[in-house]
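Structural overview
In case you want the letters, here they are:
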Amino acid sequence: MSIIVLDPGHGGSDPGAVSGARQEKNDNLRLGLALRQRLQAPGNQVIMTRSTDVFVPLTERSNISNRANADIFVSLHRNAFTNTTANGVETWVQTGVPLRTAANAHNVQNEIVAVGVQSNRGVRFGNYVILRNTRAPAMMQELGFITNARDNQLFDQHFNAYADAIANGILLSLGQPIPPSASNAIASIQRTLNTRYNAGLTVDGRYSPATRSALVAGLQTELNRAFNANLAVNGVFDAATRAAITRGLRRGDRGNWVYILQASLFVNGFSPGMLDGSFGPMTDAALRNFQSVRGLAADGIAGPVTFTALLGPVAAPPPPPPPPQPSGTITLIQRTLNRRYNAGLAEDGTYGPATRKALITGLQLELNCTFGRDVAVDGVFSPATRAAITRGLRLGDRGNWVYILQASLFVNGYSPGPLDGSFGPLTQATVRAFQAARNLVVDGIAGPATFTALLDPVAS
Ligand SMILES: [Zn+2]
């Protein structure tokens, strides 16, 4: 989760812009508190530069963000102008910021515009102390003019929707999922597709297969209009649709086809700036970013390959990665333990505690049978088990007990040759290697110390 700093502008002795009885500082704080609630809900840490009506100097506001090492900083304001007809919503970023930061501002601006505004004044670049001194990607949101009656009416009427929208824009910028809501940019795309192409979509703000299909139908319609492609407008990204994209969209292009591209980038999680049908630098950057993430040539031209990646048939999910290659030998050991000692092991080729326990059980049974011991057969490498190994296994020995030794060496990563129950020179050399590695007496005889090191989980 992320650290978000919200900065309700002005406060205390500084009312901000004033219009009659209405003071900007109060609108900003009310919005900030509403945003805090929405952003904390999914688990973010939200820090307010002020959460009450107090004066906080500009430098301190930036310092709060810098000290917190914030991931994003959003300053909240209302606009003002002497001419009371001035209206609309704009979002500011510092001139020269990375496109990524401008994309954050576009996310917020797009979401607000999708709710409905008098005019979309866009994302603007300027020089502000609050933006300049803040290290986190920073924006300043001007949610309408406090000097315009209709903007104030919209602010009050759509307050919750605007708060949802700004929160959504912030979450989008942080790469977090936005909660289902009818008021977001995807809903705006759905409304546009309905109006422009009679898509008949439910405006639910969620990128669904139906929305994808409507984007494809829009693309087909535009290809028919622009290039006489004569495509069936069926919402299916088929070979004919792909083949009809003969000239890739590029910077400087305009029109509904560009809108389809921008909307397709947006629903794929890449912010192309304003969804305005104009292929500018933000769309170019988002397109190249998408291309590079998808392993395509990042040429900034949306041709058939790029549109296929954006809207084409959903690729079949990749086959699940193969399970770790089970060791055939360990599977054989498990099978032998099952048959010989009723161990009940999964024959999965993986050496785990159950297989270890079965090897100890086998050892205990062989000690009891071969040497007449009376060790509890419980699969626990107990002191009694260890004490029962009075005669170490050695060169020339044969039988199931040797098999247990060979299997125990194998599961510990040593290869004693064929697991044949016959203690030959290879098994002896392997016991010596194991003993040397474990700082035991290197005598090639598997006595209590060697078996402890092989099978006691505490020892290994
Ligand atoms: Zn202000």
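Computed from a predicted structure; not experimentally measured.

1. Structural notes on helix α6 (residues 159-173)
Because an α-helix completes one turn every 3.6 residues, residues spaced three or four positions apart along the sequence face the same direction. Helix length check: α6 (15 residues) gives 21 Å between terminal C-alpha atoms against 21 Å at 1.5 Å per residue, within 8%. With twelve of 15 residues buried, α6 is to be regarded as a mostly interior element. For α6, the set of buried residues is Tyr162, Ala163, Asp164, Ala165, Ile166, Ala167, Asn168, Gly169, Ile170, Leu171, Leu172 and Ser173. Contacts made by the buried residues of α6 are with β1 (3-8), α1 (24-40), β5 (72-79), α3 (99-115) and β8 (138-145). Trailing α6 by a residue or two, glycine 175 shows a phi angle of about 75°, which is positive.

2. A word on the domain arrangement of the protein
Partitioning the protein into domains gives domain 1 (3-173), domain 2 (185-311) and domain 3 (328-455). The C-alpha-based centres of domain 2 and domain 3 are spaced at 65 Å.

3. Describing the pairing of β8
Counting buried positions along β8 yields eight of eight residues, so the element is predominantly enclosed. Taken together, the six bridges between β5 and β8 define a ladder with parallel strand orientation. In the strand pairing of β8, asparagine 79 is matched with phenylalanine 145.

4. Concerning the sheet that holds strand β7 (residues 120-126)
Judged by pairing direction, the sheet is mixed, and its six strands sit side by side in the order β4-β1-β5-β8-β6-β7 without closing on themselves. On the outer flanks of this sheet lie β4 (45-48) and β7, each paired with one strand and no other. Mean inter-strand twist for the sheet, computed between neighbouring axes without regard to direction, equals 20°. For strand β6 (residues 89-94) and β7, the ladder comprises six bridges, and the chain directions are parallel. Note on β7: the bridge partner recorded for valine 89 is asparagine 120. Across the sheet, helix α2 (residues 58-68) is in contact with β1, β4 and β5; its angle to β1 comes to roughly 175°. This element, α6, spans β1, β5 and β8 of the sheet and lies at about 150° to β5.

Thresholds applied
- Residues numbered from 1 in each chain as written.
- Predicted model: local features only at pLDDT ≥ 70, side-chain atom pairs only at ≥ 80, totals over all residues.
- Helix = DSSP H or I, 4+ residues; strand = E, 2+ residues; numbered from the N terminus.
- Expected span 1.5 Å × (residues − 1).
- Buried ≥ 20, exposed ≤ 12 C-beta atoms within 10 Å, placed from the backbone.
- Contact = placed C-beta atoms within 7 Å.
- Domains from an automatic or database assignment.
- Pairing = 2+ DSSP bridges.
- Axes fitted to C-alpha atoms, helices over the stretch in contact; angles between N-to-C directions.

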